[in-house]
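# Close look at the chain arrangement
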Amino acid sequence: MEIHYSFDEDYKILNPVVTIGTFDGVHAGHRAILKRLKILSEKVNGESVLITFYPHPRKVLYPDTLGKNLKMICTQNEKIHLLQETKLDHLFIIHFTYEFSKVSAEQFVRNFLVNKLHAKVIVVGFNHHFGYDKQGDYQYLYEMKDYFGFMVEEIPQQEIDQETVSSTRIRQTLSQGLIQKANAYLQSHFPFFGKVLNIEKIDKELTKIIVQTDEEEKIIPPTGIYAGAFQYQSQKFKCLIIIYDRQFGYLPQLEVFFQDDCKINIGENIKVYFAKELKLDDNIENINVVIEDHLEVINQLIY
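In what follows, the accompanying structure is described. (Residues numbered from 1 in each chain as written. Predicted model: local features only at pLDDT ≥ 70, side-chain atom pairs only at ≥ 80, totals over all residues. Heavy atoms only, no water.)

### Comments concerning the overall build of the protein
The helix and strand tally for the protein stands at eight helices and 14 strands. Taking all 303 residues of the protein together, the buried fraction comes to 50%. Long-range contacts, defined as pairs at least 24 residues apart, comprise 75% of the intrachain contacts of the protein with a sequence gap of at least 6. Entry remark: accessible area of the protein is about 15,400 Å², with carbon and sulfur atoms responsible for 45%. (Helix = DSSP H or I, 4+ residues; strand = E, 2+ residues; numbered from the N terminus. Buried < 20%, exposed > 50% of the residue type's maximum accessible area, 1.4 Å probe, protein only. Contact = heavy atoms within 4.5 Å. Areas by Shrake-Rupley, 256 points an atom, 1.4 Å probe, with all protein chains shown as cover.)

In structure tokens, the structure reads:
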């Protein structure tokens with residue numbers, strides 16, 4: 001996957017099949033769009049393209065209201081990793097500013113999708129809007145397709161167990177500690193990528209590491225104990241994940257306990273994945289007893 005950070009260059013992308021969106025979480029609805037993007041790009045002998053934005057538009061447009069306490073399902077690093085797994089060909093990460101928000105739907109289509117990328121097909125999700133004042137949507141693209149010479153397709157709304165999948169719903173589910181439900185929406189394990197801040201040997205078999213992400217806006221589940229796994233280099237290790245309340249302003253942290261022989265060092269990057277919730281409790285006191293009670297659970301997990 002090639003990553004681009006502006007529209008400044010004259011890109012040589014073969015018959016681009018393009019979609020647009022923030023894609024926070026890369027959830028089931030996003031994956032349906034990306035899957036269709038791949039199918040269409042093969043049909044037209046082209047390449048798949050996603051245009052996304054950073055920071056999240058709500059953070060820029062509504063910093064004191066809708067964007068003030070908005071937590072992100074994925075950090076930029078996590079989102080890039082998840083998108084690479086989908087075999088996307090090109091990812092455009094466009095810096096979203098207040099000035100950029102004033103670009104009209106027609107300007108966005110004409111200047112970027114047509115003149116810069118030469119889009120062959122444009123794919124949008126159900127009820128997706130773009131451009132100043134949300135002027136652009138599927139109907140707008142459909143009306144413009146003959147004039148600009150591209151094809152357009154809309155992906156229907158996605159549902160899991162008759163519930164609409166959205167990034168907002170996933171954030172709500174994660175804030176309640178409902179990991180398995182969130183994973184169903186995501187069609188993957190909820191990720192937490194970070195650096196190892198500390199390593200402590202609890203006993204001959206058990207090790208604890210503290211992992212911290214570099215983005216304060218990363219959402220983390222509530223205080224509790226979770227089963228999961230972490231990936232270090234090319235290996236995966238089953239683990240228990242402990243989350244405590246943190247003071248305001250601290251970067252999100254996890255305590256990760258594992259029994260395997262993992263030669264990891266302070267300062268190294270690891271990928272932690274949540275599999276299921278075990279104990280949601282504000283008063284986690286005797287951690288050793290809690291760990292012993294739940295080690296059998298993680299030993300039964302399949303990765």
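### Structural notes on the layout of surface pockets
Taken as a whole, the largest pocket spans an internal volume of roughly 1,400 Å³. T22, N127, H128, H129 and K134 are, among the 42 residues lining the largest pocket, the residues nearest its centre. If you list the elements that add at least two residues to the lining of the largest pocket, you get α1 (28-43), α2 (57-61) and α6 (167-175). In the lining of the largest pocket, the residues fall into 19 nonpolar, 18 polar and five charged. (1 Å grid on protein atoms, 1.4 Å probe; cavity = no way out; pocket = protein on both sides within 12 Å on 5 of 7 lines; lining within 4 Å. Points joined across faces, edges and corners; volume = space filled by probe spheres on them. Nonpolar A, V, L, I, M, F, W, Y, C, P; charged D, E, K, R; others polar.)

### A word on the sheet that holds strand β2 (residues 16-20)
Here we have six strands laid out as an open sheet, ordered β1-β4-β3-β2-β5-β6, and parallel in their pairing. Edge positions in the sheet fall to β1 (2-4) and β6 (151-155), since each of these pairs with one other strand and no more. Taken over all neighbouring pairs, the strand axes of this sheet differ in orientation by 20 degrees on average, direction set aside. Two strands pair when backbone bridges link them, and β1 and strand β4 (residues 90-95) are joined in this way by three bridges, in the parallel orientation. Among the inter-strand pairings, H4 is bridged to a residue of β4, identified as F92. Along the sheet face, α1 touches β2, β3 (47-54), β5 (121-125) and β6 and points at about 165 degrees away from the line of β2. (Pairing = 2+ DSSP bridges. Axes fitted to C-alpha atoms, helices over the stretch in contact; angles between N-to-C directions.)

### With respect to the sheet that holds strand β11 (residues 224-232)
With respect to topology, six strands assemble into a closed barrel ordered β9-β10-β13-β12-β11-β14, the strand pairing being antiparallel. For this sheet, the mean inter-axis angle between neighbouring strands, taken without regard to orientation, is 45 degrees. As defined by bridge partners, β11 adjoins strand β12 (residues 235-243) across nine bridges and the pair is classed as antiparallel. Within the sheet, the bridge partner assigned to G224 lies in β12 and is I243.

### Here we look at the environment of V165
Along the polypeptide, V165 turns up in the loop between β8 (163-164) and α6. Since its relative accessible area comes to 8%, V165 is described here as buried.

### Some words on unusual backbone geometry
The omega angle of the peptide bond from Y54 to P55 is -5 degrees, so this bond is cis rather than trans. Checked against the element boundaries, P55 lands in the loop between β3 and α2. Even without being a glycine, K134 presents a positive backbone phi close to 55 degrees. Considering the arrangement of structural elements, one finds K134 in the loop between β5 and α5 (138-148).

### Quick word on α5
Every buried residue belonging to α5 is among Y140, L141, M144, K145 and F148, and all of these are buried. One side of α5 holds all its buried residues, which, seen down the axis, span an arc of 145 degrees. Facing away from the buried side of α5 by over 90 degrees, the exposed positions are E143 and D146. Each element contacted by the buried residues of α5 is listed here: α4 (105-114), β5 and β6. Its side-chain oxygen 3.3 Å from the backbone nitrogen of Q139, D137 forms the N-cap of α5. Positive backbone phi, at 80 degrees, marks G149, one or two positions downstream of α5. (Arc of directions from axis to C-beta. Polar contact = N/O pair within 3.5 Å; in protein donor to acceptor, adjacent residues only side chain to side chain.)

### Looking at the packing of aromatic side chains
Evaluation of the coordinates by the stated rule reveals 18 aromatic pairs. For the pair F148 and F150, a centre-to-centre distance of 6.3 Å together with 10 degrees between the ring planes defines the contact as stacked. Exposure class is identical for F148 and F150. Each is buried. The structure contains a cluster of three or more aromatic residues connected by ring pairs, namely F7, Y11, F53, F92, F96, F100, F108, F112 and F130. Taking the ring centre of Y142 as reference, the NZ or CZ of K145 above it sits at 4.9 Å. Its end group placed over the ring of Y273, K236 keeps NZ or CZ at 4.9 Å from the ring centre. (Phe/Tyr/Trp six-rings, centres within 6.5 Å; stacked < 30°, edge-to-face > 60°. Lys NZ or Arg CZ within 6 Å of the ring centre and 35° of its normal.)

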